[in-house]
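Fold and contact review
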Amino acid sequence: MQQLWPVPVAEPDLVDLYRTPPGPWLRMNFVSSLDGAGHVDGRSAPLSGPADKRVFGVLRMLCDALVVGAGTVREEGYHALRLDADRRAWRRANGLREYPTLVIVSGRLDLDPAQDALAAAPVRPIVLTRAGNDPGRLAGVAEIITVGEDEVDLAAGLAALRGRGLDHVLSEGGPRLFGSLTAAGLVDELCLTVSPLLAGPGAGRITAGHPAGTPQHLTLRHILLDDELLFLRHAR
Ligand SMILES: NC(=O)c1ccc[n+]([C@@H]2O[C@H](COP(=O)([O-])OP(=O)(O)OC[C@H]3O[C@@H](n4cnc5c(N)ncnc54)[C@H](OP(=O)(O)O)[C@@H]3O)[C@@H](O)[C@H]2O)c1
């Protein structure tokens, strides 16, 4: 089904547009400039806008787990995953846990246990890492799951999340994590907000890290329009 609509104002309509099938599902959510940049001066906020923040909030409300790469947590200064009372009530009424679980992918475990995302999390976050790291003080604020020897084995990591009842995974990136997930054939959906900016050369794309693999086809589910932004939803 393809739809071209203004971004609905009513949250239930947005929820309907972003429903996912039951069972395991990995949705990526990114914002990009018109010329393909994934950030401006290291931050994605200049690419975003009010409608993007609404969609962003709804996607967080719908997921069991929010998976992000350590680079995004460090550079964006990620905060604890909080939802307002209405969205927590919606989750309870729809059989979800009150809050999604924050999951950070880090090969080196170079994370600050005092960062708000970890220290103030309403539910104990999970860190997916590879063998050979000493969790140190991180073990006090997060569950550390080791998957893989030389690299974080993302397929095994997602299976470990499913084993904890975390089926519907939302990932807000960043680019290196997206590249690894795409290369491993693990991405079911991409929600892409296109911002009417020319960022110019310099900033990287929303995907990075791996050499190009076989292109994968996703089907257009909808296009939503806002005064400024364009919202594309593509899925397997
Ligand atoms: N436009 C958007 O929607 C959007 C969204 C998110 C981020 N961003 C931007 O992206 C930039 C950060 O880029 P990034 O590529 O560094 O982000 P990233 O993918 O979030 O982080 C990369 C880091 O995550 C860990 N990691 C990711 N994939 C891994 C894998 N397969 N195996 C092991 N570790 C893995 C590593 O952590 P360790 O170094 O700890 O080993 C790696 O250094 C920021 O400027 C941010 O603003 C933009």
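The structure reproduced in this document is the subject of the present report. Here the structure is a predicted model, which means the values were calculated and not measured.

Turning our eyes to something else, we now look at the overall build of the protein chain. Looking only at helices and strands, the protein chain has seven helices and 10 strands in total. In terms of principal-axis extent, the alpha carbons of the protein chain reach across some 50 × 45 × 30 Å. For the protein chain, with 236 residues in total, the buried portion stands at 45%. Expressed as a percentage of contacts within the protein chain between residues at least 6 apart in sequence, the contacts between residues at least 24 apart total 69%. Accessible surface computed for the protein chain: about 11,500 Å², of which carbon and sulfur atoms make up 53%. Here the protein chain contributes 24 positively and 28 negatively charged side chains, and the mean placements of these two sets differ by 3 Å.

As a further point, take helix 6 (residues 154–163). Within the sequence span of helix 6, burial applies to Leu154, Gly157, Leu158, Ala160 and Leu161. For helix 6, the angular spread of buried residues about the axis comes to 155°, placing them on one side. Two to three positions downstream of the cap, the backbone nitrogen of Ala155 sits 3.2 Å from a side-chain oxygen, assigning the N-cap of helix 6 to Asp153. Gly165 lies just past helix 6 and shows a positive phi near 80°.

So, about empty space enclosed by the protein. Within the structure shown, the criterion is met by one cavity of 30 Å³ or more. As a volume, the largest cavity reaches approximately 40 Å³. Leu26, Val67, Val105, Leu128, Leu154, Leu158, Leu177 and Leu181 together form the lining of the largest cavity. Of all elements in the fold, only helix 6 and helix 7 (175–183) reach the threshold of two or more residues within the lining of the largest cavity.

Here we come to the site of the ligand. Taken together, 27 residues lie around the ligand, and Val31, Gly38, Thr72, Glu76 and Ser106 are the ones closest in. Between the ligand and the protein, one listed contact pairs an oxygen atom with a backbone N or O atom of Gly71 at 2.9 Å. At 2.6 Å, a side-chain N or O of Ser106 approaches an oxygen atom of the ligand. Coverage of the ligand by the protein amounts to 91% of the 910 Å² it exposes when considered alone. A molecule is said to occupy a pocket when more than half its atoms come within 2 Å of that pocket's grid points, and by this definition the ligand occupies the largest pocket. At the level of secondary structure, the elements contributing two or more residues to the shell around the ligand comprise strand 2 (25–33), helix 3 (70–75) and helix 7. Here the shell around the ligand takes five residues from helix 3, the largest share from any one element.

Here the focus is the sheet that holds strand 6 (residues 143–146). Spatial ordering of the open sheet is given by 1-9-10-8-2-7-3-4-5-6, a layout of 10 strands whose pairing is mixed. Two strands in the sheet have a free side with no partner beyond their single neighbour: strand 1 (4–6) and strand 6. On average, each strand axis in the sheet is inclined to that of its neighbour by 20°, with strand direction left out of account. Sheet topology note: the strand 1/strand 9 (residues 219–225) ladder contains three bridges and is parallel. The residue of strand 9 that forms the bridge with Trp5 is Leu224. Its contacts with the sheet put helix 2 (residues 50–62) on strand 2, strand 3 (65–69), strand 7 (168–171), strand 8 (189–195) and strand 10 (230–235), and the angle it makes with strand 2 is roughly 165°. Each of strand 2, strand 3, strand 4 (101–105), strand 7 and strand 8 is contacted by helix 7, which is oriented at about 135° to strand 2, the strand it contacts most.

Among the secondary structure elements, Leu138 is positioned in the loop between strand 5 (126–129) and strand 6. Take Leu138: its relative accessible area is 2%, and that puts it in the buried class. Linking Leu138 and Arg43, residues 95 residues apart in sequence, is a C-alpha distance of 25 Å. When near neighbours in sequence (up to four residues on either side) are disregarded, Leu138 contacts Leu109, Leu111, Pro113, Leu118 and Ile144.

Moving on to the pattern of salt bridges. Within this structure, the stated rule accounts for 13 salt bridges. Between Glu189 and Arg27 there is a salt bridge, and its shortest N-O distance comes to 2.9 Å. Taken together, the positions of Glu189 in strand 8 and Arg27 in strand 2 put the pair 162 residues apart, joining distant regions of the chain. For the pair shown, Glu189 and Arg27 are each scored as buried. Note that Arg82 and Asp116 form a salt bridge whose closest N and O atoms lie 3.6 Å from each other. With Arg82 in the loop between helix 3 and helix 4 (85–93) and Asp116 in helix 5 (residues 116–119), this residue pair connects regions lying 34 residues apart in the sequence.

So, how was this worked out
Residues numbered from 1 in each chain as written. Predicted model: local features only at pLDDT ≥ 70, side-chain atom pairs only at ≥ 80, totals over all residues. Heavy atoms only, no water. Helix = DSSP H or I, 4+ residues; strand = E, 2+ residues; numbered from the N terminus. Buried < 20%, exposed > 50% of the residue type's maximum accessible area, 1.4 Å probe, protein only. Contact = heavy atoms within 4.5 Å. Areas by Shrake-Rupley, 256 points an atom, 1.4 Å probe, with all protein chains shown as cover. Lys, Arg positive; Asp, Glu negative; His and termini not counted. Charge placed at Lys NZ, Arg CZ, Asp CG, Glu CD. Arc of directions from axis to C-beta. Polar contact = N/O pair within 3.5 Å; in protein donor to acceptor, adjacent residues only side chain to side chain. 1 Å grid on protein atoms, 1.4 Å probe; cavity = no way out; pocket = protein on both sides within 12 Å on 5 of 7 lines; lining within 4 Å. Points joined across faces, edges and corners; volume = space filled by probe spheres on them. Near = heavy atom within 4 Å. Sits in = over half its atoms within 2 Å of the grid points. Pairing = 2+ DSSP bridges. Axes fitted to C-alpha atoms, helices over the stretch in contact; angles between N-to-C directions. Salt bridge = Lys/Arg side-chain N within 4 Å of Asp/Glu carboxyl O.

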